[in-house]
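Analysis of the macromolecular model
Residue-level listing of the chains:
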There are 2 protein chains.
Amino acid sequence: MDWTDLQHFLALAREGTLSAAARNLNVDHVTVARRVAALEASLLLKLVDRRPRSYELTEDGKRIAKIGAPMAETAFAIERAVQASKSGIGGEITISAPPSLANVLIAPKLIRLRRLHPGIRIKLIGEKRTASLNRREADLALRLSRPTEPGLIARKIGYFEFALYGSPNYLKTTPPHAFTFVAYDSSMDEAPQQRWLMRFAASREIVLRTNDLENQAAAARTGIGLAVLPKFLGEADPLLQRHDIGGRPVGREVWLVVHRDLRRTPTIRAVAGFIEDCLA
Amino acid sequence: MDWTDLQHFLALAREGTLSAAARNLNVDHVTVARRVAALEASLLLKLVDRRPRSYELTEDGKRIAKIGAPMAETAFAIERAVQASKSGIGGEITISAPPSLANVLIAPKLIRLRRLHPGIRIKLIGEKRTASLNRREADLALRLSRPTEPGLIARKIGYFEFALYGSPNYLKTTPPHAFTFVAYDSSMDEAPQQRWLMRFAASREIVLRTNDLENQAAAARTGIGLAVLPKFLGEADPLLQRHDIGGRPVGREVWLVVHRDLRRTPTIRAVAGFIEDCLA
DNA sequence: ACTCTATTGTGAGAATTCGCACAGATGGAC
DNA sequence: GTCCATCTGTGCGAATTCTCACAATAGAGT
């Protein structure tokens, strides 16, 4: 049995489509299709139903995929062990962080890290979707809440508050009862800052919903309404003015997350230290 | 990371040499060397020290091999699951048994199994070395003692006794105090029949030691001395005559062993039933 | 109705990988 | 000492595998 065939099949089982599996493995989708077919041929067992626009696992396929899943886990554990056994400081480190934190707090200061450790190459992915440290999609991650996955070590390294921001002209000309607002779309309804905004807005209108915080800031600058922005974003923008209201402002913690296997790696420690400085 | 590279490296780690790993994987030894080199290149980590006549794992290599070992276990579990999910009776079944049992009790009757289930192809390996059911070197095994490996199901399906055999002429012309004997070599000193023989021979001479029971029988036929043979072997041979002595004869149990994962497979059950009949 | 995007399928040339044959070297058996 | 078995290394031709480009189809959004 060819383990590469297994690898491709398990990727297909996990990702659901040929194309997604192919992206995950950095190969062509045709390759995944062929390897899965090869695995079926060598096992003399039908693992997938080829339907017009999708591959669907057969019962046998599901069973095999379930049994084989630990193989992928182990493979990732090996990758972590390899990373961990690199003694010197250097190599490529992947950091996952919410887009706003990545853009505003991390990216501008990366030049300092580069000067300190020229051997380190940083890959910074600013994504909403929390990258899996277990699957080694990232080596370090910034999260806004304490993660619960097993094997991860989290440390609270910061806290930031939100405030309402609008264009100075908007705030001067608009009475509070006529305020309009900019918010996340409904996929973020559970986020504290969104709940806070909803309560505050009450019956007043939400005129724009967007997933992207940068878009919210841009919209607020044009005077369309008020947006809830992290203070580190709003205060630095001369085209935005804070509108203070009473009560306790909403805030979020920042957690630095690393896999247990990588905790003591010199390179990881160096980068982790740098990130803490960024947030200090 | 290419899983096939990992597979080759883990085989090398387990088997110790390139050549052994190559045999295990059914590929050329050059391929194993190349894949291990490729793995090192992709991990940027030296896994083996290439010494003149041997590959030796580095510390990193040992660590990686240890972490990766469960992958091989899982791969074998998948193979068992595949075998188990074949519903019809058919396919290739590998039986491992001590050579004498295989040759005398199983092989001659295989034609009956073939008539009963034409779809089954039997691979019968008669080896001293106990094949690993966990690593799926065999699907069914006959052992002379109860195995202790986890995951295996064993059932006692038979019992046979040993006796002393020599050529009729030798027994007629030789007084007991002048008996000479044929025995296993010292690697079998712990086997019950060997211990029994040693006690019985006492100070009388062992004139031939050989690992192969068939050789012992052949030697005894020529009149060189007496050999301890299973009765199912000795009684069927017209050129051998049993020499009965007092006391309780030594015997061994026969255990039929199957992996838990394969227990309920129709094909396995059919073959297991056939083997029980052979021993009945 | 249409465009846009995401999916799987097909064919051909290029790149890669593999096995074979041979060499060199070493340790054990006789 | 000599032969034999075993192990690893090298070069080359053959077989395989991969990627690329294109096609077909379906679904969502405009």
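Residues numbered from 1 in each chain as written. Chains lettered and ligands numbered in written order. Predicted model: local features only at pLDDT ≥ 70, side-chain atom pairs only at ≥ 80, totals over all residues. Heavy atoms only, no water.

1. A word on the packing of aromatic side chains
Residues and elements named next belong to chain A.
- Tallied over the entire structure, the rule returns twelve aromatic pairs over all chains.
- An angle of 5° between the planes, with centres 5.6 Å apart, marks the rings of Trp-196 and Phe-200 as stacked. One end of the pair, Trp-196, and the other, Phe-200, are both in helix 8 (residues 192-201), four residues apart, so they sit about a helical turn from each other.
- You can call Trp-196 buried: its relative accessible area is 15%.
- The class for Phe-200 is partly exposed, based on a relative accessible area of 22%.
- Taken together, the aromatic side chains of Tyr-170, Phe-179, Phe-181, Trp-196 and Phe-200 make up a single cluster linked through ring pairs.
- Positioned above the aromatic ring of Phe-200, the side-chain terminus of Arg-204 is 4.9 Å from the ring centre. (Phe/Tyr/Trp six-rings, centres within 6.5 Å; stacked < 30°, edge-to-face > 60°. Helix = DSSP H or I, 4+ residues; strand = E, 2+ residues; numbered from the N terminus. Buried < 20%, exposed > 50% of the residue type's maximum accessible area, 1.4 Å probe, protein only. Lys NZ or Arg CZ within 6 Å of the ring centre and 35° of its normal.)

2. Notes on the relation of the copies chain A and chain B
- Between the two copies, chain A and chain B, the superposition gives an RMSD of 0.1 Å; the rotation angle is 180° and the shift along the axis is 0.1 Å. In the structure described here, the two chain copies are related by an operation that fits a two-fold rotation axis.
- Mapped onto chain B, 100% of the interface residues of chain A are again interface residues, and the two copies thus contact each other with one and the same surface. (Least-squares fit on C-alpha atoms with pLDDT ≥ 70 in both. Contact = heavy atoms within 4.5 Å.)

3. What to know about the protein's contact with DNA strand D
- Lining the immediate environment of DNA strand D, one finds 18 residues, of which A:Thr31, A:Arg34, A:Arg35, B:Leu18 and B:Arg53 sit closest.
- A:Asp28 has a polar backbone atom sitting 3.3 Å from a phosphate oxygen of DNA strand D.
- Contacts to DNA strand D include B:His29, whose side-chain N or O atom sits 3.3 Å from a base oxygen.
- Secondary-structure elements contributing two or more residues to the surface near DNA strand D are helix 3 (29-43) of chain A together with helix 2 (18-25), helix 3 (29-43) and strand 2 (54-57) of chain B.
- Per-element tally for the surface near DNA strand D: the top contributor is helix 3 of chain A, with four residues.
- Class assignment of the residues belonging to the surface near DNA strand D gives a composition of six nonpolar, five polar and seven charged. (Near = heavy atom within 4 Å. Polar contact = N/O pair within 3.5 Å; in protein donor to acceptor, adjacent residues only side chain to side chain. Nonpolar A, V, L, I, M, F, W, Y, C, P; charged D, E, K, R; others polar.)

4. Some words on the domain arrangement of chain A
- Parsing chain A into structural domains produces domain 1 (3-75), domain 2 (91-157 + 253-279) and domain 3 (160-250).
- Taking the mean C-alpha position of each, domain 1 of chain A and domain 3 of chain A sit 46 Å from one another. (Domains from an automatic or database assignment.)

5. Topic: the interface of chain A and chain B
- Of the residues lining the interface, 27 residues belong to chain A; the matching set on chain B comes to 27 residues.
- Together chain A and chain B conceal approximately 2400 Å² of surface at their shared face, both sides included; 74% is due to carbon and sulfur atoms.
- The tally of links from chain A across to chain B stands at seven residue pairs in polar contact (both at pLDDT 80 or more).
- Listed by contribution, the elements that provide at least two residues to the side of chain A that touches chain B are helix 1 (3-15) and helix 4 (59-85) of chain A.
- Considering every element that reaches the side of chain A that touches chain B, the biggest residue donor is helix 4 of chain A, with 16 residues.
- For the side of chain A that touches chain B, the residue count by class is 17 nonpolar, five polar and five charged. (Buried area = accessible area lost by both parts, 1.4 Å probe.)

6. Quick look at the protein's contact with DNA strand C
- Near DNA strand C you find 18 residues, and of these A:Leu18, A:Ser19, A:Tyr55, B:Thr31 and B:Arg35 are the closest.
- Within 4 Å of the protein, the contacting atoms of DNA strand C are drawn from sugar and phosphate to the extent of 59%.
- Between DNA strand C and the protein, one listed contact pairs a phosphate oxygen with a side-chain N or O atom of A:Tyr55 at 2.9 Å.
- In this structure, a phosphate oxygen belonging to DNA strand C sits 3.4 Å away from a main-chain N or O atom of B:Asp28.
- The set of elements that each furnish at least two residues to the surface near DNA strand C consists of helix 2 (18-25), helix 3 and strand 2 (54-57) of chain A together with helix 3 of chain B.
- Looking at the surface near DNA strand C element by element, the count peaks at four residues for helix 3 of chain B.
- Of the residues in the surface near DNA strand C, the class split is six nonpolar, five polar and seven charged.

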